[in-house]
Each structure stands twice: as structure tokens, then as C-alpha cells.
Amino acid sequence: MTSLSQISDLAAQQGLAVLGGFRAGPEDGLPQGCQTLLLLGPLEPGFWARFTLSPEWQDGAPDPMDRWSRRVVGHLACGLGAKALFPFGGPPWHPFYSWAVKSGQVWESPVRLLVQRDAGLMVSFRGALALKEALDVALPSPSPCEPCARPCLTACPVSALGPDGYDVPKCHAYLDSPEGAECMTQGCAVRRACPVSIAYARLPDHSAYHMRQFHK
Ligand code: SF4
Ligand code: SF4
């Protein structure tokens, strides 16, 4: 039987980290026979350098990161006899938000975005492995938000993202203005304000890519 640490090593060889996992129950909407779900996201440092060498980035075709994810997570799943699931490509959409919270390694932040133990507000999921084996997953961790001064609540220059959630049109309007250039090139100021995100080492180029995808 493959262990969590062996799967983490295999994922790391592909530039991915296991960001959370849980023992599956009938309420999770997972494929029949799935006993454990593992959520995968970029492994830092080094993810962007690895990804930009990939054929999906180099070919210039649309959606390189989703295509990279399908290939890499799909290959991992094949080797493990698992099923690969993705947060894109719906409908139907898989409930990555609730799966992440169930893992005990990811929480709803004060601004309602997910915050992960190591990636903070920079968390993103590139896919998940639905495994037939019942693995010992990590025990729930304490949320980093409990002892935090909560700079995320006030970091948005136009209060588009705060305790009441996300005013997406307001955010887009700001990104259209010259003042929005910093968010476009460095990443969302709210995500960057999180002390856990700051320690995560995601490169600005990677954040700028996601900003361009969001603000097309
Ligand atoms: S800034 Fe603090 S409160 Fe906000 S998401 Fe990060 S850890 Fe949690
Ligand atoms: S991208 Fe900038 S404007 Fe939009 S929510 Fe984040 S900080 Fe606010």
C-alpha cells in the first residue's frame, strides 16, 4: 500500500504539494470506492520556474496551467490507481472549497477566501487524487487566523474584499485603473498581506498570471 509520505514525494517530484486530505464519506460526492481524497497545489519554492518550462506554457495555447494540471495530476493518478479530479472544467463543479475545509489544513479566512496552513491566502488547487486506499491523513491543525492581527481585513485599497466578502465588479473596476497596476503585477493586496502567504514564496510572475486570467 502507498503511504501519504510516498504520495507526497511523488507529487513533489512534479512540483506539487499535498495541501490537505481526508477520509472520504458518502456525503462528499466522491467517485464510488474512493476512501481518501488528497488535494494538490503548487509546491513552493520553485513552482513557477518548473511550470514555465513545461510544453503547456511554451506552446502559447490558452489555459496552460489547466492543461498542465490535467497532464501532471492525471499521470500521478494513473500511477496510483486513483482518479484525478479538477477544480476547473465544469459544470459540474467539484466542491473543492468544502473538501479543503474538511481537510483540517484549510479554513475560511475573515475575508471568506480559503487560507491554507502553509500557502496562506495564496492557496490554489491544481487537482485532487481520489484514492481507493484508506490512508492516514494529517491531523487537523489550528487555524493561523486565530492568533493573527488580521491584516487581510483592511488590505484592499478599495475595500472590494473584506469581512462582507468579495465585491467582484468593484475589484475589476479598480484593476482597470492605473492604480490597479500593483495588484495586476504583484497579486491581490489582500492575499499578499497575509503573513502565511508572505512566507510561502510564490513569485509575483505566478500571481500576475492568475490576475490576468481573472481580469481578462
Ligand atoms: S492575514 Fe491573518 S487572519 Fe487573514 S487569512 Fe492570513 S492568517 Fe488569517
Ligand atoms: S485584486 Fe486588488 S482591488 Fe481586487 S480585491 Fe485584491 S486588493 Fe482589492
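Please refer to the structure higher up on the page.
Residues numbered from 1 in each chain as written. Chains lettered and ligands numbered in written order. Predicted model: local features only at pLDDT ≥ 70, side-chain atom pairs only at ≥ 80, totals over all residues. Heavy atoms only, no water.

Enquirer: I'm lost on the overall build of the chain in this one. Help?
Expert: Along its length, the chain carries 10 helices and eight strands. Computed over C-alpha atoms, the radius of gyration of the chain comes to 17 Å, within 12% of the 17 Å expected from 2.2 N^0.38 for 216 residues, which places it in the range of a compact globule. For the chain, the C-alpha atoms occupy an extent of roughly 55 × 45 × 30 Å along the three principal directions. Considering the chain as a whole, with its 216 residues, one finds that 47% of them fall into the buried category. The contacts of the chain with a sequence gap of at least 6 include a subset with a gap of at least 24, amounting to 67%. Of the roughly 10,800 Å² of accessible surface on the chain, 57% is carried by carbon and sulfur atoms. Distance between charge centres in the chain, computed from 18 positive and 19 negative side chains, equals 3 Å. (Helix = DSSP H or I, 4+ residues; strand = E, 2+ residues; numbered from the N terminus. Rg over C-alpha atoms; globule rule 2.2 N^0.38 Å. Buried < 20%, exposed > 50% of the residue type's maximum accessible area, 1.4 Å probe, protein only. Contact = heavy atoms within 4.5 Å. Areas by Shrake-Rupley, 256 points an atom, 1.4 Å probe, with all protein chains shown as cover. Lys, Arg positive; Asp, Glu negative; His and termini not counted. Charge placed at Lys NZ, Arg CZ, Asp CG, Glu CD.)

Enquirer: What is the right way to read empty space enclosed by the protein from this model?
Expert: Gaps left between atoms are located by rolling a probe of water-molecule size over the structure's atoms. This model, assessed by the stated rule, comprises two cavities of 30 Å³ or more. Each pocket or cavity is described by its volume, and for the largest cavity that value is around 110 Å³. Cys156, Cys171, Tyr174, Cys183 and Cys188 are the residues nearest the centre of the largest cavity, which is lined by 14 residues in total. Among the secondary structure elements, those contributing two or more residues to the lining of the largest cavity are α6 (168–176) and α8 (189–193). The element best represented in the lining of the largest cavity is α6, accounting for three residues. When the residues that make up the lining of the largest cavity are grouped by side-chain class, the tally is 14 nonpolar, no polar and no charged. Of the voids in this model, the second largest cavity is the one considered here, and its volume is about 90 Å³. (1 Å grid on protein atoms, 1.4 Å probe; cavity = no way out; pocket = protein on both sides within 12 Å on 5 of 7 lines; lining within 4 Å. Points joined across faces, edges and corners; volume = space filled by probe spheres on them. Nonpolar A, V, L, I, M, F, W, Y, C, P; charged D, E, K, R; others polar.)

Enquirer: Help me understand the side chain of Arg202 in this model?
Expert: Its place among the elements puts Arg202 in the loop between α9 (195–198) and α10 (204–214). Among buried Asp, Glu, Lys and Arg side chains, Arg202 stands out as unpaired, with Glu44 the closest opposite charge at 5.3 Å. In this structure the side chain of Arg202 is engaged in a polar contact, spanning 3.1 Å, whose partner is the backbone oxygen of Met122. Among the polar contacts listed, one links the side chain of Arg202 to the side chain of Ser207, at a separation of 3.2 Å. Sequence-distant contacts of Arg202, that is, excluding residues within four places in its chain, are made with Glu44, Met122, Ser124, Ser207 and His210. (Salt bridge = Lys/Arg side-chain N within 4 Å of Asp/Glu carboxyl O. Polar contact = N/O pair within 3.5 Å; in protein donor to acceptor, adjacent residues only side chain to side chain.)

Enquirer: I would appreciate a short explanation of the environment of Phe86 in the present structure.
Expert: Counting through the fold element by element, Phe86 comes out in the loop between β3 (83–85) and α5 (96–102). A relative accessible area of 10% means that Phe86 is categorised as buried. Here the alpha-carbon distance between Phe86 and Pro151, two residues 65 residues apart in the chain, equals 31 Å. When residues no more than four places from it in sequence are discounted, the contact partners of Phe86 are Ser69, Arg70, Val73, Gly74, His94, Phe96, Arg126 and Gly127.

Enquirer: Explain the site of ligand 2 to me, please; I cannot follow it from the model alone.
Expert: What surrounds ligand 2 is the set Cys156, Pro157, Leu161, Tyr166, Cys171, Tyr174, Cys183, Cys188, Ala189, Val190 and Met211. Taken together, the elements giving at least two residues each to the shell around ligand 2 come down to α6 and α8. Across the shell around ligand 2, the residue classes tally to 11 nonpolar, no polar and no charged. (Near = heavy atom within 4 Å.)

Enquirer: Explain the site of ligand 1 here, please?
Expert: Neighbouring ligand 1 are the residues Ser109, Pro110, Val115, Leu121, Pro144, Cys145, Cys148, Arg150, Pro151, Cys152, Cys194 and Pro195. Here ligand 1 is seated within the second largest cavity. Each residue belonging to the shell around ligand 1 can be placed in one class, and the counts come to 10 nonpolar, one polar and one charged. (Sits in = over half its atoms within 2 Å of the grid points.)

Enquirer: How should the pattern of salt bridges be read in this particular structure?
Expert: Once the charged atoms of two side chains with opposite charge are near each other, the side chains can pair. A full pass over the atoms with the stated rule returns eight salt bridges. In this structure, Arg23 engages Asp136 in a salt bridge whose closest nitrogen and oxygen atoms are separated by 3.5 Å. Of this pair, Arg23 sits in strand β1 (residues 16–23) while Asp136 is found in the loop between β6 (127–131) and β7 (161–162), placing the two residues 113 residues apart along the sequence. Residue class for Arg23 comes out partly exposed when judged on its relative accessible area of 42%. A salt bridge links Glu56 to Arg71; its shortest N-O distance comes to 2.5 Å. Taken together, the residues span a long stretch of sequence, with Glu56 in helix α3 (residues 55–58) and Arg71 in helix α4 (residues 64–80) at a distance of 15 residues. Judged by relative accessible area, Glu56 falls into the buried class, the value being 7%. Salt bridges linked by common partners bring Glu27, Asp28 and Lys102 together as one network.

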